[in-house]
Amino acid sequence: MARWCYRHRLVVLLLWVGALFGLGFSASTAGTDYANVFSLPDTDSKKAYDLMEKAFPARAGDTDTVVWKVDEGSVRDQDVRSLIQPALERIADMKGVGGVTSPYAGEQGAGQISRDGRIAYAQITFADQANAVPKELVQDVVDTARDAGRAGLEVEIGGQAIQRVQEPPTGLAEMVGLVAAAIVLFLAFGSLFAMLLPLAVAVFGVGTGLFSTQLLSHVTDIPDLAPLLSSLIGLGVGIDYALFIVTRHRKGILRGVAPEDSAVTALNTSGRAVLFAGGTVCIALAGMLVTNLRFLDGVVVGTSLTVVLSVLAATTLLPALLGFLGTRVLSRKQRRRLAAEGPEEERTSGPAVRWSTEVQRRPRTVAVLALVVMAVLALPVLSLHLGATDQGNDDASTTTRKAYDLLAEGFGPGFNGPLQVVVEGTDTTALVRGIEDAPGVAQAAALPPAQGVTVIQVVPTTSPQSRETDSLIDRLRDDVIPAAGVKAHVGGVTAVSKDFATVTGDRLPLFVATIIGLGFLLLLIAFRSLVVPLTAAVMNLIAAAASFGVLVAVFQWGWGLELLGLGKEGPINAFLPVIMLSLLFGLSMDYQVFLVSRMHEEWVHTRDNARAVRVGLAETSRVINSAALIMVCVFLAFVLSGDAGAAMAGVGLAAAVALDAFILRTALVPAAMHLLGASNWWLPAWLEKRLPHLAVEPKEEDVIPSAGSADGPASVVHGFVRDPAGDPVENAAVALLSKGGRLLDQVTSLADGSYILSVPAPGTYLLSTTAVSYTTQARQVSVGTEPLVHDVELAEMSEVN
C-alpha cells in the first residue's frame, strides 16, 4: 500500500483534497445539530426531568438574563427605568426573541428586584436553544443591553447563548497549537519541508474528522464538547504519528537507502506501530462506553473517528507527500553531507546516549527521584471534588461572570442554581413547609400545578458548586421528602450535575479496570512478557494520579488560574476523569510501544537486558520527547478555546503527557527495567504456547540465516566501482544494508575500484555507494547461496547538475 501511494502520489493527494473539501462543503451546508444529552437512567434528577416533560411539554428556547445594578438610589427610580425599559422593549422586538420578562411588569415582576432595591434582572427567552441562536442576534442583544449602562448604572448579561459571543474566534486554539508544533518540528528536523509533513497530515486528519463529526450530529446525539476534544486529540496524534514515520524515513535516506524504498520501509515498520497505536487509542476511548453515560457516546464517536482518519492520513497521504519531496525531506546540510561523505553510521554519542548510560549506572537514584516528583504532584488528588463548572467560573472580565456575581449579590449565591422539587400531586403545603425549615434553604415557592404535577422552586443559601449544596440535595431526598409523606424528586441543573458526578465516580473503577485490562492484554501479546505490561499499567496509574493532582491544584485550588486567564476556581468537571483517562491511557501506550519495542528487538538479538534497555532508551528518547513536546504545545493551546471544559482537558492532558514522557518513559520505566533485569521478559512457557503472535513492527532483517552461517557468511557481493568513462573510483564507500536500513557491512573500494561485501544469508538487500564528487547510488540486489557480481557506475556531480 505504501509503495502504491508513493508512486500514485498525485491521485492520493487529489483524493484527500477532494474528501476534505467535499466534507467541508457538506458540513457547512448542513450546519450543526450538537445536543448535550445528560441522560442518567435510574437517578432522581432524571425522574424529576421526566415528570416536568410530562407536565410542561411545551419547552421554550434558551433563557438568558439581563442584570443591572445602581450605585445609589433604587432600580425603581424613573431615571433608571427610562434607560432600561426602552432597551428591553427593543430586545423584545428583535426577530428570534420569544419574549422578555421585565421586573417593571407590575406585581408579577416584583420578585425580580432585590430586597435593597439596588439590583434587578429581566429574563430573555429566545425562540431556539442556545447553540441554534444566531450569533448576530446574540451580539445585538448584548450591545442593546449594555448600551443602556451609564455612570452609576452597571448592566451585564448572562446565559448560555450570551457565552457564545465571548468565545475566541473558532479555530484560534488549533492555529496556535499548529504554530507551536511547527516550531518544535523545525527545531527537530531542521527542514521546512519535513516540518510541513506532520502538519499537513494533522490538518487533513482533523479536518475530515471534524466535518464528519458535524455531519453525524444530525443523525445521533453528539455534545458540543466533542468537536473541541476531537480536534485536541486529533492534532496531537496526527502530528505525532507522522513524526514517527518521517523520522524513520529520514533515517533510512541518511543510511543510503533510495527515497522510495526508505518510505516503504518506514511505513512497513513505524507505520505498523502507528496502526497499533491508533487502535489502542480507539480501544481506550471506547472504554468510555462501559460507563453507560449517553453524554459520552458522542464524544467517543467524534474522537475515535478523528483518530482513525488521522491514522489513515499518516499511512496513505504521508507516503504520497514523501514521494513529492524525495530527498528534500532532509535539510540542505544533511543532503550535502550525504553526497560528500556517504551513508551515516549509528550514533554512539550525544545527550540521549549519555542520559541512557546515566540511568543504567544509577537506576535506584533515578527511580527514587522520579517517584518522589510524581508522588508530590499526586498529593492534591486526595481533595478531588467532581462537579460542573458554570458561568461563575468564567474570567472576571466577562459580562457573563459579572452577571452571575450580581445575581449572587442581589438574590443570594444559590440563586444561580435553583433546585426543582417535582411533586406527583397538588397538595404540597407540608412539603413546602418542611423545605423552608431545612438548613441551607434560602426560599421555597410552589408554582401553579399542571396535569397533576407541582414544581417547587428551591433556592439554596450556598452556590451551585459548593459541597453544602450537595449536602442539601441529599437532605431533601433522604429526610425532608420522606417526612412529608409525598412522592417527589429533586431535579434542576445543580441536581443533575451532582447525580452525574456520583454516577461517574461509581462507574470509574469499572472503566479503569477495563482499559487497564485491555492495555495489559495488548502489551502481553506484543512483547511476550508479563512484567512489561504490568509495569506499564502501574506507570499509567501513577501518571493519571499526578496529572489529576495538577488539575486539582490549578482548577480547584486556583493556583495559576489568573496567570492562565481561566477564571475562578471550582470543581473538576465530572466527565473529565473518564475522558482524560481514556486519552492518557491511549497516548501513553504509544510511547510505551515505541520505547519497549526497540528494547525488545535488542533483547531478542542479544539476550542482554542492560544493553537492551540502554540502547532502546538512547535511540527512542529523543523522538518520544519531541512528540511529547508537540502534544503539550497543542493541548495547552486549548486554554484559548473559550470553553472551560476543553481548557481543563487541555491543561490536564498537557500535564499528563509531559509527566509521562519526560519522567516516566525516559526515567522511571528504564530505571525500573534495569532493576528488574532479565525478569522483564519473563513469560511462563504454558502461556507462551497459547498466546497469539502480534508483531508491532516486523524485524528489520527479512532474511533467515542459512544452516552454515555459523562458520561464515552465506555468500558475498563483489565487483568494481567505476565512473561513466570506465575508470576506477577509489575510496568509494560501499555499504550493504537490510531493507529496513540496518547497516550490515561497509568497505572502501581499492585503487582498482574493487570491493567485496559479506552477506549474512540469502535474501534481498540494498547496496549503497557514495564517493566524493559523485552522486550517491542505491540499488536493490538479490543474493542467493552463490557469490553475486555487481558492478557500480557512479555519475559525477557536475553531470547531474
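What you are looking at is a predicted structure, and each value in this text was computed from that prediction instead of being measured.

Student: Help me understand the nonpolar core in this model?
Tutor: Side chains of a nonpolar character, in soluble globular proteins, are inclined to be buried together. Formed by 155 residues in total, the largest nonpolar core has its most connected members in Ile239, Tyr241, Met288, Phe555, Tyr591 and Phe635. The element contributing the most residues to this core is helix H23 (residues 644-676), with 20 residues. In contact with phenylalanine 555, not counting residues within four places along its chain, are Leu561, Leu566, Glu569, Gly570, Ile572, Ala647, Met648 and Val651. With 29 residues, the next largest nonpolar core counts Ile91, Ile113, Ala145 and Ile162 among its residues.

Student: Looking at this structure, how should I read a nonpolar patch on the surface?
Tutor: Taken together, the side chains of Phe186, Leu192, Phe193 and Leu196 present a nonpolar region at the surface, about 360 Å² in accessible area. The biggest single contributor to the nonpolar patch is helix H8 (residues 192-216), with three residues. Tracing the backbone shows phenylalanine 193 in helix H8.

Student: Where do I start with the pairing of strand S4 (residues 153-158) in this structure?
Tutor: The two faces of the sheet receive side chains in turn, since in a regular strand these alternate between them. Counting buried residues in S4 gives five out of six residues, a clear majority hidden from the surface. Pairing between strand S1 (residues 63-70) and S4: six bridges, direction antiparallel. Bridging across to S4, lysine 69 finds its partner in glutamate 154.

Student: Would you mind showing me how to read helix H21 (residues 576-606) here?
Tutor: Each full turn of the α-helix corresponds to 3.6 residues, which orients residues three or four apart in the same direction. For H21, which comprises 31 residues, the first-to-last C-alpha distance of 44 Å matches the rise-based estimate of 45 Å (1.5 Å per residue) to within 8%. With 28 of its 31 residues buried, H21 lies for the most part within the structure. The first or second residue beyond H21 is arginine 607, which carries a positive phi of 55°.

Student: Please clarify how the confidence of the model for the protein chain should be interpreted in this entry.
Tutor: Detailed conclusions should not be drawn from predicted coordinates in areas where pLDDT is low. Overall, the prediction assigns the protein chain a mean pLDDT of 84, with 92% of residues at 70 or greater. Looking over the protein chain, one finds the lowest element-wise mean pLDDT in helix H25 (residues 797-800), namely 52, and the highest in helix H14 (residues 363-378), namely 95. Considering only residues more than four positions removed or in separate chains, one finds that residues 700-712, a stretch of pLDDT under 50, has 23 contacts.

Student: What is the right way to look at the environment of glycine 99 in this model?
Tutor: Take glycine 99: it is sitting in strand S2 (residues 97-101). Taking the C-alpha atoms as reference, glycine 99 lies 76 Å from proline 343; in sequence the two are 244 residues apart.

Student: Help me out: how do you make sense of the packing of helix H2 (residues 9-30) against H8 in this one?
Tutor: The axes of two packed helices give the description: the angle between them and the distance between them. Their axes nearest at 9 Å, the elements H2 and H8 cross at an angle of 30°. The element H2 and its partner H8 pack so that their crossing is left-handed. Contacts between H2 and H8 pair Trp16, Val17, Ala19, Leu20, Leu23, Gly24, Ser26, Ala27, Ser28 and Ala30 from the former with Phe204, Gly207, Thr208, Phe211, Ser212, Gln214 and Leu215 from the latter.

Student: How should I be thinking about the sheet that holds S1 in this particular structure?
Tutor: Sheet strands pair by backbone hydrogen bonding; their relative direction is either parallel or antiparallel. Pairing in this open sheet of four strands is antiparallel, and the strands run S2-S3-S1-S4 from one edge to the other. In this open sheet, the two strands that pair with only one neighbour each are S2 and S4. Taking each pair of neighbouring strands and ignoring which way they run, the sheet shows an average axis angle of 20°. Bridge count for S2 against strand S3 (residues 119-126) is four bridges, and the pairing is antiparallel. Looking across to S3, one finds that valine 97 is bridged to phenylalanine 126. Where helix H4 (residues 78-92) meets the sheet, its contacts fall on S1, S2, S3 and S4, and the angle it forms with S2 comes to roughly 155°. Sheet strands in contact with helix H5 (residues 135-146) are S1, S2, S3 and S4, and its direction is about 160° off that of S4.

Student: Is there a simple way to think about a negative patch on the surface in this case?
Tutor: A cluster of like negative charges, contributed by Glu136, Asp140, Asp143 and Asp147, occupies part of the molecular surface. For aspartate 143, the position within the fold is in helix H5. What makes aspartate 143 partly exposed here is its relative accessible area of 34%.

Student: Help me understand helix H12 (residues 332-341), please; the structure alone is not making it clear to me.
Tutor: Of the residues making up H12, those classed as buried are Gln334, Leu338 and Ala339. Around the axis of H12, the buried residues are gathered within 130° of arc, so they sit on the same side. For H12, exposure combined with an orientation more than 90 degrees from the buried face picks out Arg332, Lys333, Arg336 and Glu341.

Student: Mind showing me how you'd approach the side chain of histidine 249 here?
Tutor: Tracing the backbone through its elements, the reader meets histidine 249 in helix H9 (residues 225-254). Among the residues examined, histidine 249 registers a relative accessible area of 0% and is labelled buried. A polar side-chain atom of histidine 249 sits 3.2 Å from the main-chain amide nitrogen of alanine 263. Once residues within four sequence positions are removed from consideration, histidine 249 is found in contact with Pro259, Ser262, Ala263, Ala266, Leu322, Gly326 and Val329.

Student: What am I meant to see in the pairing of strand S12 (residues 733-737) here?
Tutor: Across the five residues that make up S12, a large majority, five, are buried. Alternating positions in S12 separate into two faces, Ala733, Ala735 and Leu737 on one and Val734 and Leu736 on the other, with burial throughout. As judged from the five bridges shared by S12 and strand S15 (residues 763-770), these two strands associate in the antiparallel manner. Considered in S15, the bridge of alanine 735 is made with serine 768.

Criteria and cut-off values
Residues numbered from 1 in each chain as written. Predicted model: local features only at pLDDT ≥ 70, side-chain atom pairs only at ≥ 80, totals over all residues. Heavy atoms only, no water. Core = buried A, V, L, I, M, F, W, Y, C linked by side-chain atoms within 4.5 Å. Buried < 20%, exposed > 50% of the residue type's maximum accessible area, 1.4 Å probe, protein only. Helix = DSSP H or I, 4+ residues; strand = E, 2+ residues; numbered from the N terminus. Contact = heavy atoms within 4.5 Å. Patch = residues over 30% accessible without salt bridge, like charges linked within 9 Å, V, L, I, M, F, W, Y side chains within 5 Å. Areas by Shrake-Rupley, 256 points an atom, 1.4 Å probe, with all protein chains shown as cover. Salt bridge = Lys/Arg side-chain N within 4 Å of Asp/Glu carboxyl O. Pairing = 2+ DSSP bridges. Expected span 1.5 Å × (residues − 1). pLDDT = per-residue confidence, 0-100. Axes fitted to C-alpha atoms, helices over the stretch in contact; angles between N-to-C directions. Left-handed = near helix turned anticlockwise from the far one by under 90°. Lys, Arg positive; Asp, Glu negative; His and termini not counted. Charge placed at Lys NZ, Arg CZ, Asp CG, Glu CD. Arc of directions from axis to C-beta. Polar contact = N/O pair within 3.5 Å; in protein donor to acceptor, adjacent residues only side chain to side chain.

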